[in-house]
Structures are given as structure tokens and as C-alpha cells.
Amino acid sequence: MELCNEQRTMLIVVLIVIMWSCCYSHAQLSSDFYKQSCPSLFYVVRREVQRAVTRERRMAASLLRLFFHDCFVNGCDGSILLDDTSLSMGEKTAGPNNNSVRGFDVVDKIKSRVERVCPGVVSCADILAITARDSVLLLDGPGWSVKLGRRDSTTASFSTANSGVIPPPTSTLNNLINRFRAQGLSSRDMVALSGAHTIGQARCVTFRDRIYNESNNIELSFALSRQRSCSADSGSSDNNEATLDIHSPGRFDINYYRQLLNHRGLLTSDQVLYSGGSTDSLVVSYSRSLNAFYRDFVRAMVKMGDIKPLTGSNGEIRNNCRRPN
């Protein structure tokens, strides 16, 4: 049966409304969201991030990781920043975060500075997004236009954070691909985002099994060098740390991928990216081209920042990032 003109028009309107509603949360995010309400935002955040990274260069990696761990648990909503209460457990003490994720004091200081100039305007979720970008820039990495307009969650989810949505350092390649795909991120996005391990450190407990039990996929001298500060048995060395990138841990570059080609990935989840699987060619490509890595990393960071943001009247703008209003 053919549709009359009026029916066709109505059908088109309905389709447009459906498409608009599906994309609405992303459309509300924009790089100039605070242009009128908090014009000095980027300057204030950059200054505090720079101070923190000057004091401790490793802090750049910690702030970048905060954003990743926040977005992978119910979206980029600042929930990782909420403290435990007598009534509920937050995400800070969940397995992937406990004694691992750090930088909360830096975020507190940034939020305090922002509140002085723009009280009640900027969300903690957006502060995490900006600090992630600035942390990369301050270690000579790429920059990008950060989309803003997220609001903060009023709750956190200990159970979701513990459910495996954040891939563990022992992940197989298939697990990594599936976990990232569940967030709307491709294998290319996953390999590019893994390049953030060009900065930062990992604890002995996260790579012990690899350096003692995976001799077929780890370069021997590299394993022996890591064993010096990480004993085979659990105990006093558990929290000893090693750099993820042995060549240039303070620069956001492509040495991480070059290490993988030589079977010198510190974590199992690093080396599986180059282990005869579907992502080998991407590792080779990034190891040869800084521009290719930067291009795909920036695209993936923007996509990750689009994971289920709270916008409009959803959520709130927290006065203190550690607790709901």
C-alpha cells in the first residue's frame, strides 16, 4: 500500500525524532560548553595539572587512568571519585582500583580552584576529561578538543567495577576486544588506548606471573631484570613498581609498541596485542608511525569520553567530587 504525502511526512518526522533522541546525549557535549559560564576553566585546570605533574611526573599517567576507569564503569560520570559511605561502597575499593588508582587529591585541588572562579558550574566528570587531555599534552603527547557537558552521578557501583568491565592485566586478547567492544570501542581503539602504557608504572602483583611463567612470550633478559625487584612469591615485593615503558617512561611516544615487538611488554594484557593475533598489524603500524598512533589515540579518547554521559537534568554538579550534594 502506498503512503500519501501526509503519511510520508509524518514518517520522516518520527524517524528524525528517533534518531535525535538516540544521539541526544552525545550532541549535548561540546568543546565550548563552558565558554560563557566558566571561560577560565581550561586555564585553571591546566595550571593545576602542570603543578601536579611537575611535582611527580608519574601523576600524568595516574590522571589519565582515572578517566579510563571512570568511563568503563557505567559511563563517564565521575562515579570513581565518590568515597565509600556507611551505607554504600564506592568504586575506589573495587578490585581494579584498590591500592592502584590514584590522583584523587589532585582532582580535589582542581575542583576547589574551579569552584572559586565558577561555583556550581563544572562537573567532576568533565574535570576528569580535561585532566586526561592535559596529562597527555604535558608529557609531549597529542592534544585534542575535549567535549564537555557531562554531569556527575549521585551513586557509584562497587559491584559493576568488580564485574570485569575493566579488563585485568592478565587479560587475553579476546577478553580485551570483547570488553572494549561492550563500550562501543573497536579493536583499533583498544590498541591505540593501550598505548597510554607508554607512561606510568605497574605493581609487582600485576606482572609476577608473566615474568616467571611466560618464558615463551617474554624476552629473557627483560624478565630477569624485572625479577630483581619482584620476587616469585607474594610478600614484601608485592607493591614494588616497574615502569611500563623501559625506554622513555616520561614521554608519550611509541616506544611501548616497539617493546611489544621485542616481547618486552610488562603486563600480559600488553604483550597479547602482539602475539600472533589479529592486532599484530596495528602494533607494527604504531611502532613505525608516531602520527598514526596519535591520530588513532585521539579519536579513541574522544569516543571513550562519549560513553554514556549524564546530561540535561540527569545527575548533578557536585560541589565536592568525593560525595553527592
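Residues numbered from 1 in each chain as written. Predicted model: local features only at pLDDT ≥ 70, side-chain atom pairs only at ≥ 80, totals over all residues. Heavy atoms only, no water.

Asker: Looking at this model, I keep getting lost on the state of the cysteines. Mind explaining?
Answerer: In a disulfide, the sulfur atoms of two cysteines are covalently bonded to one another. Scanning the model with the defined rule gives 4 disulfides in all. Across the disulfide from Cys204 sits Cys230; the S-S distance is 1.9 Å. Taking the sign of the torsion about the S-S bond as the criterion, the disulfide between Cys204 and Cys230, at about 70°, is right-handed. With Cys204 in helix H9 (residues 204-213) and Cys230 in the loop between helix H10 (220-227) and strand E2 (241-243), this residue pair connects regions lying 26 residues apart in the sequence. Since its relative accessible area comes to 0%, Cys204 is described here as buried. Each disulfide in the protein chain links cysteines that, numbered along the sequence, combine into the pattern 1-4, 2-3, 5-8, 6-7. (Disulfide = S-S within 2.5 Å. Helix = DSSP H or I, 4+ residues; strand = E, 2+ residues; numbered from the N terminus. Buried < 20%, exposed > 50% of the residue type's maximum accessible area, 1.4 Å probe, protein only.)

Asker: Even after reading the chapter, I still don't get the environment of Ala129, so can you show me in this structure?
Answerer: For Ala129, the location among the structural elements is in helix H5 (residues 124-138). The buried category is assigned to Ala129, whose relative accessible area is 3%. Remark: the alpha-carbon pair of Ala129 and Cys76, spanning 53 residues in sequence, is separated by 8.4 Å. Not counting residues within four places of it along the chain, the set of residues in contact with Ala129 comprises Phe67, Val146 and Arg150. (Contact = heavy atoms within 4.5 Å.)

Asker: Explain the packing of helix H2 (residues 41-55) against helix H4 (residues 104-117) to me, please; I cannot follow it from the model alone.
Answerer: Packed helix pairs are specified by the crossing angle of their axes together with the interaxial distance, meaning the distance between the axes. The N-to-C vectors of H2 and H4 enclose an angle of 150°; their axes lie 10 Å apart at closest approach. Between H2 and H4, the crossing angle belongs to the class labelled roughly antiparallel. Between H2 and H4 lies a crossing whose hand is right-handed. Where H2 abuts H4, its residues Leu41, Val44, Val45, Glu48, Val49, Arg51, Ala52 and Arg55 lie against Val106, Lys109, Ile110, Arg113, Val114 and Val117. (Axes fitted to C-alpha atoms, helices over the stretch in contact; angles between N-to-C directions. Parallel < 35°, antiparallel > 145°, perpendicular 65-115°, else oblique. Left-handed = near helix turned anticlockwise from the far one by under 90°.)

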